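Letter by letter, the chains look like this.
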Amino acid sequence: MLKKIALTAISCLLITLLFIDVPDVIPLRLMLTLWSIGHIVVFSFLGGLLLIFYPKLKHASLFYQFTFLTISSLIAGISIELIQPFFSRTAQLEDIFFNYIGTLAILIYRGNFSHFKKWKLTLQALCTALLFYLMHPTFLTAYDEYRLIRDFPILTNYYNETTLTRWKTDGTLTLLKQNKKNKNMMQATFISQPASRVVLRYFNGNWQPDAQGYQQLVLRFFNPHEKTLPLRIIITDKHYDKSHSGSKYRFAITVQLSRGWSTHHIKLTDIEQKPQARNIDLTQIAGIDFYMYKLKTAVTLYIDEIKLIK
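Residues numbered from 1 in each chain as written. Predicted model: local features only at pLDDT ≥ 70, side-chain atom pairs only at ≥ 80, totals over all residues. Heavy atoms only, no water.

**What about the overall build of the chain?**
Stage number 1. When helices and strands are tallied, the chain shows nine helices and 11 strands.
Stage number 2. The 310 residues of the chain split such that 41% are buried.
Stage number 3. Sequence separation of 24 or more characterises 72% of the internal contacts of the chain that already satisfy a separation of 6 or more.
Stage number 4. Just so you have it, the chain exposes about 17,700 Å², and 62% of that area is on carbon and sulfur atoms. (Helix = DSSP H or I, 4+ residues; strand = E, 2+ residues; numbered from the N terminus. Buried < 20%, exposed > 50% of the residue type's maximum accessible area, 1.4 Å probe, protein only. Contact = heavy atoms within 4.5 Å. Areas by Shrake-Rupley, 256 points an atom, 1.4 Å probe, with all protein chains shown as cover.)

Here it is, written out as structure tokens:
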């Protein structure tokens, strides 16, 4: 009895997670890669409960189990997606697909294969391979989160394609692989529109000088164009969107990028104190944004390492 109560409570908790915002315990981009896995886990767990505690289903033929779980999964999955907008969430068709993968996974591992024993191990191997494939982005992102901590005070490097997920852009981002003597760079394309941006969102945001002794932010760019490019750099902290917004509450500076390489140093004290309305919290830096305005044609810029120095 207690086992059933505990498993029912776990089921309710898992279903609840599909409707609420998960606390900011892990980075958002890692959570996004885990979202599909979460749907698979929830529906595998629920399907497993049906196979274990519903006697008629437990001892039924594989065809009956397959039909019952398929219908149940589709009804539950569609119902969840229809309800989610009422909880400030967006309905997504791919969630139903991942729900069904979870249902099929538990059927393959716990279903009645007494008449299909030759197929069971093959299907389990294929299912396991599929699950590892779906988890591959999560492994890469988790490793990159580890690199964010390990490589500090370097805020950006480009050891593989996963590092590009630290960024968001209106245009395109491309990893440029160099030879062993030269480090990789990122090619960013600013598109033709009133304000085009390339923003860094995932990095170690604790820049407190007193604690770690860092004094300057260093940014290095390569401009392949003949014309000098004006680049607006905006830096915000985690308090910016919550209680303060507007130009008076953030640090901003415009740098001129002449043709070729250019290196720019920004004092952390300037970042902290230059905003007119408040001081920026250097222990919770949240974003480094690069803007170009009123471009008539797309502009390519190469961004090298961004780091702190003492």
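**Brief notes about the environment of Ile235**
Stage number 1. You can see Ile235 is positioned in strand S7 (residues 229-237).
Stage number 2. With 36 residues separating them in the primary sequence, Ile235 and Val199 have C-alpha atoms 9.7 Å apart.
Stage number 3. Among residues more than four places away in sequence, those in contact with Ile235 are Trp207, Leu217, Arg250, Phe251, Ile271, Ile280, Ile285, Gly287 and Ile288.

**Considerations on the packing of helix H5 (residues 93-110) against helix H6 (residues 117-151)**
Stage number 1. Packing of H5 against H6 leaves a shortest axis separation of 9 Å and a crossing angle of 145°. Of the two elements, H5 crosses H6, and the hand of that crossing is left-handed. Judged by residue contacts, Phe98, Ile101, Ala105, Ile108 and Tyr109 of H5 engage Lys120, Leu123, Gln124, Cys127, Thr128, Leu130 and Leu134 from H6. (Axes fitted to C-alpha atoms, helices over the stretch in contact; angles between N-to-C directions. Left-handed = near helix turned anticlockwise from the far one by under 90°.)

**Remarks on the sheet that holds S7**
Stage number 1. With antiparallel pairing, five strands are arranged side by side in an open sheet as S2-S5-S10-S7-S8. Looking along the sheet, the strands with just one partner apiece sit at the ends: strand S2 (167-169) and strand S8 (251-257). Adjacent strand axes in the sheet meet at a mean angle of 20°, parallel and antiparallel pairs treated alike.
Stage number 2. Bridge analysis of S2 against strand S5 (residues 195-200) gives three bridges, and the strand direction is antiparallel. Bridge pairing in S5 places Trp167 opposite Leu200. (Pairing = 2+ DSSP bridges.)

**Examining the side chain of Arg278**
Stage number 1. By the secondary structure assignment, Arg278 is in the loop between helix H9 (268-273) and strand S10 (285-293).
Stage number 2. With relative accessibility at 13%, the residue Arg278 sits in the buried group.
Stage number 3. Separated by 2.9 Å, the side chains of Arg278 and Asp237 make a polar contact.
Stage number 4. Among the polar contacts made by the side chain of Arg278, one reaches the main-chain carbonyl oxygen of Tyr249 at a distance of 2.9 Å. (Polar contact = N/O pair within 3.5 Å; in protein donor to acceptor, adjacent residues only side chain to side chain.)

**Description of the nonpolar core**
Most often, soluble globular proteins have nonpolar side chains that are buried together.
Stage number 1. Judged by nonpolar contacts, the single largest core of 40 residues is most densely connected at Trp207, Leu217, Phe290 and Ile303.
Stage number 2. Of the residues forming this core, the biggest block, five residues, is contributed by strand S11 (residues 299-309).
Stage number 3. In this view, Ile303 contacts Tyr158, Trp167, Met185, Met186, Ala188, Val198, Arg220, Phe221 and Phe290; residues no more than four positions away in its chain are not counted. (Core = buried A, V, L, I, M, F, W, Y, C linked by side-chain atoms within 4.5 Å.)

**Observations regarding H5**
Stage number 1. With 18 residues, H5 should cover 26 Å at 1.5 Å per step; its first-to-last C-alpha distance of 26 Å lies within 8% of that length.
Stage number 2. Listed in full, the buried residues belonging to H5 are Asp95, Ile96, Phe98, Asn99, Ile101, Gly102, Thr103, Ala105, Ile106, Leu107 and Ile108.
Stage number 3. Next to the buried residues of H5 lie helix H2 (28-53), helix H4 (62-83) and H6. (Expected span 1.5 Å × (residues − 1).)

**What about unusual backbone geometry?**
Stage number 1. Cis geometry marks the peptide bond from Phe152 to Pro153, where omega comes out at 20°.
Stage number 2. Along the chain, the position of Pro153 falls in the loop between H6 and strand S1 (154-156).
Stage number 3. With phi around 50°, Lys294 is a residue other than glycine that occupies positive phi space.
Stage number 4. Along the chain, Lys294 falls in the loop between S10 and S11.
Stage number 5. Assessed through its relative accessible area of 74%, Lys294 is described here as exposed.

**Observations regarding the packing of H2 against H5**
Stage number 1. In contact at an axis separation of 7 Å, H2 and H5 are set at 45° when each is read in the N-to-C sense. Regarding the angle of H2 to H5, the classification is oblique. Relative to H5, the crossing made by H2 is right-handed. Only Asp95, Phe98, Asn99, Ile101, Gly102, Thr103, Ala105, Ile106, Leu107 and Arg110 of H5 make contact with H2, whose side of the interface consists of Trp35, Ser36, His39, Ile40, Phe43, Ser44, Gly47, Gly48, Leu51 and Ile52.
Stage number 2. Of the residues in the contact of H2 with H5, the class split is 10 nonpolar, eight polar and two charged. (Parallel < 35°, antiparallel > 145°, perpendicular 65-115°, else oblique. Nonpolar A, V, L, I, M, F, W, Y, C, P; charged D, E, K, R; others polar.)

**With respect to the pattern of salt bridges**
Any two side chains of opposite charge can pair if their charged atoms end up close together.
Stage number 1. Counted according to the given criterion, the structure contains 11 salt bridges.
Stage number 2. Where Arg150 meets Asp151, a salt bridge forms, and the shortest distance between an N and an O atom there is 3.2 Å.
Stage number 3. By relative accessible area, which is 46% here, Arg150 ends up partly exposed.
Stage number 4. Measuring nitrogen to oxygen at the nearest pair gives 2.9 Å for the salt bridge that ties Arg278 to Asp237. Pair noted here: Arg278 is in the loop between H9 and S10 and Asp237 is in strand S7, with a separation of 41 residues, a long-range link. Here Arg278 matches Asp237 in class, with each residue buried.
Stage number 5. Each of the salt bridges in this network shares a partner with another, and the network as a whole consists of Arg29, Asp144, Glu145 and Arg166. (Salt bridge = Lys/Arg side-chain N within 4 Å of Asp/Glu carboxyl O.)

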